[in-house]
Amino acid sequence: MKKLILIAVAVMNALLLMGQNAPLQSDVRPLIGVSCSHPGNNSSTRMTYTNSVIKAGGTPVLIPVTTDSVVLKDILDRVDGLLLIGGGDIHPSYYGEEAVPELGEVDSLRDVYDIALIQMAHDMKMPMFGVCRGEQLINVAFGGTLYQDIPSQHPDTTIRHRQKEPGIEATHCVGFVEGSILGDVIGQKELMTNSFHHQAVKDIAPGFRISAWSLDSIPEAIESAEGKPIWGVQFHPEYQTDNGDEVSARFFYFFLEEANKYRLQKVRKQVINKFQGIGRKVQLK
Ligand code: MN
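Residues numbered from 1 in each chain as written. Predicted model: local features only at pLDDT ≥ 70, side-chain atom pairs only at ≥ 80, totals over all residues. Heavy atoms only, no water.

Q: Could you clarify how one ought to interpret the coordination of the manganese ion in this entry?
A: Any two of four tetrahedral donors ideally make an angle of 109.5 degrees at the metal, while pairs among six octahedral donors ideally make 90 or 180 degrees. Around the manganese ion, the protein supplies His-161 (ND1), His-172 (NE2), Ser-195 (OG), His-197 (NE2) and Glu-220 (OE) as donor atoms, at distances of 2.3 to 2.4 Å. Here the donor residues of the manganese ion are spaced in sequence according to H-x10-H-x22-S-x1-H-x22-E. Taken together, the residues span a long stretch of sequence, with His-161 in the loop between α6 (150-153) and β6 (172-176) and Ser-195 in the loop between β7 (190-193) and β8 (200-201) at a distance of 34 residues. Exposure class is identical for His-161 and Ser-195. Each is buried. (Donors = N, O, S within 2.8 Å, 3.2 Å for Na, K, Ca; no water. Helix = DSSP H or I, 4+ residues; strand = E, 2+ residues; numbered from the N terminus. Buried < 20%, exposed > 50% of the residue type's maximum accessible area, 1.4 Å probe, protein only.)

This is how it looks when you write it as structure tokens:
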């Protein structure tokens with residue numbers, strides 16, 4: 001009997017992992033809100049992000065850069081997941097520090113916009129996946145801190161985290177923490193990644209844990225330690241995903257699976273509300 005249960009658990013685990021190794025198969029494609037930057041006053045995002053969402057079985061919707069919280073909430077009400085893209089530095093005032101001389105360019109409009117999106121999506125229990133700046137912002141929004149500049153603040157670093165090669169080139173190794181969700185998603189202990197950052201997670205936010213490290217002890221991925229659907233990576237798997245790499249694509253396959261669960265829950269709630277509404281009408285008569 002015990003053996004049978006063990007086999008059943010193994011099969012279930014294999015099926016769960018299989019689900020993450022392929023694009024989402026669903027009649028309805030979940031809508032994924034993709035955050036934007038605003039170069040030259042244009043709200044825009046790189047196509048590697050939107051292509052990764054499309055490849056994983058979702059439909060991307062760009063969220064224009066605005067600080068109008070009513071509009072941002074209106075968009076989030078209609079999507080099933082939030083993808084937070086990369087970008088410049090976050091102002092250290094968000095984690096109670098003065099700016100060091102090595103801090104790069106900050107963008108107060110995007111800081112307000114991105115943090116508003118994270119807080120609203122969290123209130124809605126919506127799955128969110130942060131890439132690079134997106135990952136750092138998740139950590140800051142939940143009370144963590146950052147290295148404002150790795151070379152000057154983390155003297156032990158021995159790895160080049162700001163590569164000059166294009167994004168499809170992987171330049172350093174990332175090791176996943178055993179038992180971490182993102183480690184399970186990727187299904188291997190190590191992954192060669194690209195690296196385009198001079199900031200990184202320093203103190204992990206309460207309720208979160210580090211799921212991957214570089215070999216010189218820089219946090220390279222984070223996830224909720226409380227079962228919330230929130231994950232982030234310091235590297236850019238969307239380049240490899242868009243370039244046909246099936247391992248990096250697992251992050252997006254997993255994200256779309258979770259977004260689809262959220263979508264189905266939303267549909268269920270709408271049906272229940274509808275029936276309760278009919279019940280009330282009948283009672284009034
Ligand atoms: Mn790195």
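Anyway, onward from the coordinates.
Q: Help me understand the sheet that holds strand β10 (residues 219-224) in this model?
A: Pairing between the strands of a sheet comes from backbone hydrogen bonds, and it takes one of two forms, parallel or antiparallel. With respect to topology, 9 strands assemble into an open sheet ordered β2-β1-β3-β4-β11-β10-β9-β6-β7, the strand pairing being mixed. Looking at the sheet topology across the chains shown, the edges are occupied by β2 (59-62) and β7. This sheet shows a mean twist of 25° between the axes of neighbouring strands, independent of strand direction. Helix α4 (residues 108-123) contacts β3 (81-84), β4 (128-131) and β11 (230-233) of the sheet and is inclined by roughly 155° relative to β3. (Pairing = 2+ DSSP bridges. Axes fitted to C-alpha atoms, helices over the stretch in contact; angles between N-to-C directions. Contact = heavy atoms within 4.5 Å.)

Q: Can you walk me through the packing of helix α3 (residues 69-78) against α4 in this structure?
A: For any two helices packed against each other, the geometry is given by the interaxial angle and the distance between the axes. Across the interface, α3 lies against α4 with an axial gap of 10 Å and an inter-helix angle of 50°. Classified by the angle between their axes, α3 and α4 sit oblique to one another. Pair α3 / α4 crosses with right-handed handedness. Between α3 and α4, the residues in contact are Ser-69, Leu-72, Lys-73 and Leu-76 and Tyr-113, Ala-116, Leu-117, Met-120 and Ala-121, respectively. Among the residues forming the contact of α3 with α4, the class breakdown is 7 nonpolar, 1 polar and 1 charged. (Parallel < 35°, antiparallel > 145°, perpendicular 65-115°, else oblique. Left-handed = near helix turned anticlockwise from the far one by under 90°. Nonpolar A, V, L, I, M, F, W, Y, C, P; charged D, E, K, R; others polar.)

Q: Explain the pairing of β10 here, please?
A: A regular strand carries its side chains on alternate faces of the sheet. Most of β10 is tucked away, with 6 of its 6 residues classed as buried. As paired elements, strand β9 (residues 208-214) and β10 share 5 bridges and run antiparallel to each other. When the bridges of β10 are listed, Arg-209 appears paired with Glu-223. Connecting β9 to the next strand, β10, in antiparallel fashion are 4 residues, including Ser-217 with a positive phi near 65°. As paired strands, β10 and β11 are joined by 3 bridges and run antiparallel to one another. Residue Ile-222 lies in a different strand from β11, and its bridge partner there is Gly-232.

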